[in-house]
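Structure at a glance
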Amino acid sequence: MSDPTFDSKSAAFLDWFRAWPGATFHHDIKIEDLRKNGAGRGIVATADIPEDTVLFSIPRTAIINTQTSDLPKLIPQVFETTGLEDADNEADEDGSETSGPPDNWISLILIMIYEYLQGDKSRWKPYFDVLPSQFETLMWWSEQELVQLQASSIVGKIGKDEADGMFRSRVLPVIQEYASIFFANVSERPSEDEIMLLAHRMGSTIMAYAFDLENDDDEDDSENDDEWVEEKPLVMGMVPMADILNADAEFNAHVNHDTDSLSVMTLRPIPAGTEILNYYGPLGNGELLRRYGYVTNHHARYDVTEISWDLILSVLKDTLKVDDAIWGQAVNQLDVEEIEDAFVIERDSGEPDSTGQLREEARMKEIPSDLIEQVYAILKAIRKVSPTTIPDKATRDEITLLAIHRALEIRLAQYQTSQRFDMDLLSNNQVSGRQTMALAVRLGEKVLLQEAIDFMHNKLASVKSKTDQESEPHAKRQRMR
């Protein structure tokens, strides 16, 4: 059943988009309401479309960024750079920095707040009308909803408090100092809490929809081909129409960054009725949910989980059964600065091919080498203190595998429900909405951990078999030959 308001906003946005000089929109695609599929808007083919077809083009003048918005011109002193700005488009972890020019992230948040508050006077008003006002990203989940993720490492990466601190230290002061500019077209000045809510809303919008744009004023200087040239930072921007595309780990279109525009081109033939899909990268469902607010079956191959060094240490100590004095001496020999706090467990999942399709099987092929090296480091320290505890490399290797195998089992047990329980919930349709997404994340991580456990079990069995063969009496081995 169609939604007249939703559809009218889509139509108004498309008319607005087409009016931009240089904008194109292929006649065999349309913007469609995909909320019944758990998405918002999307773009769907209305006829068969060949490979290498330009679906639409977005002029750079239509993109919202520091180069197109009026805000940097109105308050240039805020946007002046010193060469020290953060170019990685990531928020400061503690949100504590209060001086210096805004980085890409903060700059775009300020611009988005300014343009939103201009209402009808913003030339991007029809675009703001189709941007979401509610989000499924983890930043907006309640504590009760987050509990459904159980022991997932993604819970510790949400960063809500850090974002709140950053907005209070770097966004709110600018808006308050230049209130006459930000609120020039607002009938009633919003409260501090309302400004903070708007900052979170725009931050989530940027997290889910913004693009890193290759700088359009970078010129190719052939005379300097042999000279080192400082790489210019990417500019973040909101790209109308390109962000209407949904995305998956298997996709059929690609965004090209041209000098004066961005264009979206098909990677393979697209049948009528098929959704046009972009690609956000090899992200597991946990990270996909944190950043973009959804999960997919295809992204499950990229699922990851973490195992803490504290857990490894606890298992090692229990395995070795050394006294506290020996253990303490060994631990103190480690360089704290060199110690990793956690290790990522993941598959060798491969990348999509040039047509956006996944061809390789995702398989568990190894345990992180830095984890093994760190275990080796503490076992080496223990051997220095107590040589009889680890007499040779064979013993070291077996202890390493035993400890990691046991730690993975304990890590899996930290999830409150079993794989079978979760699969029954899914198969019987007993969950919906955010519960379903949480279930996909935690189940995917459990499956991954079980694969890692099985991998370590086989590796341990192989090492033990080799050790047993080498320990057989020489005469017996001769007879067996």
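Overview of the structure. No experiment lies behind these values; they were computed from the predicted model shown. (Residues numbered from 1 in each chain as written. Predicted model: local features only at pLDDT ≥ 70, side-chain atom pairs only at ≥ 80, totals over all residues. Heavy atoms only, no water.)

Turning to the packing of aromatic side chains, a few remarks are in order. Applying the stated rule across the entire model yields 14 aromatic pairs. Judged by centre distance (6.1 Å) and plane angle (90°), the ring pair of Tyr114 and Phe182 falls under edge-to-face. Separated by 68 residues along the polypeptide, Tyr114 in helix H4 (residues 104–117) and Phe182 in helix H8 (residues 179–182) bring together distant segments of the chain. Residue class for Phe182 comes out buried when judged on its relative accessible area of 0%. Judged by centre distance (4.1 Å) and plane angle (25°), the ring pair of Tyr280 and Tyr292 falls under stacked. You can see Tyr280 sitting in the loop between strand S10 (277–278) and helix H10 (285–292) and its partner Tyr292 sitting in helix H10, a full 12 residues away along the chain. The structure contains a cluster of three or more aromatic residues connected by ring pairs, namely Phe13, Trp16, Phe17, Trp20, Tyr116, Trp124, Tyr127 and Phe128. Cation over ring: Arg35 sits above Phe6, and NZ or CZ is 3.8 Å from the ring centre. For the cation-ring pair, Arg301 lies above Tyr302, with the distance from its terminal atom to the ring centre recorded as 5.9 Å. (Phe/Tyr/Trp six-rings, centres within 6.5 Å; stacked < 30°, edge-to-face > 60°. Helix = DSSP H or I, 4+ residues; strand = E, 2+ residues; numbered from the N terminus. Buried < 20%, exposed > 50% of the residue type's maximum accessible area, 1.4 Å probe, protein only. Lys NZ or Arg CZ within 6 Å of the ring centre and 35° of its normal.)

Under the defined criterion, the tally for this structure stands at 20 salt bridges. As a salt-bridge pair, Glu192 and Arg168 come within 3.0 Å of each other at their nearest N and O atoms. Pair noted here: Glu192 is in helix H9 (residues 192–209) and Arg168 is in helix H7 (residues 160–177), with a separation of 24 residues, a long-range link. Here Glu192 falls in the partly exposed class, since its relative accessible area comes to 39%. Relative accessible area serves as the criterion here: at 36%, Arg168 is assigned to the partly exposed category. Notably, a salt bridge pairs Glu409 with Arg406, separated by 3.2 Å at the nearest N-O pair. A residue pair is termed a helical-turn pair when its members lie 3 or 4 positions apart in one helix, as Glu409 and Arg406 do in helix H14 (residues 393–413) at 3 residues. Looking at Glu409, the relative accessible area reads 28%, which means it is partly exposed. (Salt bridge = Lys/Arg side-chain N within 4 Å of Asp/Glu carboxyl O.)

All right, on to the sheet that holds strand S9 (residues 261–266) then. The 4 strands lie next to each other as S1-S4-S9-S8, forming an open sheet whose pairing is antiparallel. Pairing within the sheet leaves two strands with one partner each, and these edge strands are strand S1 (24–25) and strand S8 (253–257). Alignment of S8 against S9, held across 5 bridges, turns out to be antiparallel. Bridge assignment links Val255 to a residue of S9, and that residue is Val264. (Pairing = 2+ DSSP bridges.)

A separate point is helix H13 (residues 369–385). With 17 residues, H13 ought to run about 24 Å at 1.5 Å a step, and its terminal C-alpha atoms sit 25 Å apart, in line with that. Within the sequence span of H13, burial applies to Leu371, Gln374, Val375, Ile378, Leu379, Ala381 and Ile382. The buried residues of H13 occupy an angular sector of 155° when projected down its axis, which confines them to one face. Exposed positions of H13 whose direction lies more than 90 degrees from the buried face are Glu373, Lys380 and Lys384. The inward-facing, buried residues of H13 contact strand S11 (304–308), helix H11 (309–320), helix H12 (324–332), strand S12 (342–346) and H14. (Expected span 1.5 Å × (residues − 1). Arc of directions from axis to C-beta. Contact = heavy atoms within 4.5 Å.)

Glancing now at the pairing of S11. Only one face of S11 is buried: it carries Thr305 and Ile307, and the other face, with Val304, Glu306 and Ser308, is open. Bridge analysis of S11 against S12 gives 5 bridges, and the strand direction is antiparallel. Of the residues in S12, the one forming a bridge with Val304 is Glu346.

With that out of the way, let us pick up the side chain of Arg301. For Arg301, the position within the fold is in the loop between H10 and S11. No salt bridge forms around the buried Arg301; measuring N to O, its nearest opposite-charge neighbour Glu360 is 6.1 Å away. A polar side-chain atom of Arg301 sits 2.4 Å from the main-chain carbonyl oxygen of Glu360. Every residue in contact with Arg301, bar those within four places of it in the chain, is listed here: Arg347, Ser349, Leu358, Glu360, Glu361 and Ala362. (Lys, Arg positive; Asp, Glu negative; His and termini not counted. Polar contact = N/O pair within 3.5 Å; in protein donor to acceptor, adjacent residues only side chain to side chain.)

Turning next to empty space enclosed by the protein. All told, the structure shown has 1 cavity of 30 Å³ or more when counted by the stated rule. If you add up the space inside the largest cavity, you get close to 30 Å³. Lining the largest cavity, in full, are Asn65, Thr66, Asn104, Ser107, Leu108, Val235 and Met236. When contributions to the lining of the largest cavity are tallied by element, the ones reaching two or more residues are H4 and strand S6 (235–237). Here the residues of the lining of the largest cavity sort into 3 nonpolar, 4 polar and no charged. (1 Å grid on protein atoms, 1.4 Å probe; cavity = no way out; pocket = protein on both sides within 12 Å on 5 of 7 lines; lining within 4 Å. Points joined across faces, edges and corners; volume = space filled by probe spheres on them. Nonpolar A, V, L, I, M, F, W, Y, C, P; charged D, E, K, R; others polar.)

So, about unusual backbone geometry. Phi is positive for Met241, close to 80°, though the residue is something other than glycine. A residue is classified by how much of its surface remains accessible, and Met241, at 0% relative accessible area, is buried. Phi is positive for Asn429, which is not a glycine, with a value near 55°. Tracing the chain through its elements places Asn429 in the loop between helix H15 (419–427) and helix H16 (433–471). By relative accessible area, which is 66% here, Asn429 ends up exposed.

Here we come to the layout of surface pockets. Rolled over the atoms, a probe with the dimensions of a water molecule shows which regions are left empty. Estimates place the volume of the largest pocket at around 1400 Å³. Lining the largest pocket are 41 residues, with Gly38, Ala39, Gly40, Arg41 and Tyr209 positioned closest to its centre. Every element with two or more residues in the lining of the largest pocket is listed here: helix H1 (4–18), helix H5 (125–130), H9 and strand S7 (246–247). With 4 residues, H5 is the largest single contributor of residues to the lining of the largest pocket.

For the pair H11 and H14, interaxial distance at closest approach is 9 Å and the crossing angle is 125°. Classified by the angle their axes make, H11 and H14 are oblique. H14 is crossed by H11, and the crossing has right-handed handedness. Packed against H11, whose contacting residues are Leu311, Ile312, Val315, Leu316, Thr319 and Leu320, the element H14 presents Ile399, Ala403, Ile404, Arg406, Ala407, Ile410 and Arg411 at the interface. (Axes fitted to C-alpha atoms, helices over the stretch in contact; angles between N-to-C directions. Parallel < 35°, antiparallel > 145°, perpendicular 65-115°, else oblique. Left-handed = near helix turned anticlockwise from the far one by under 90°.)

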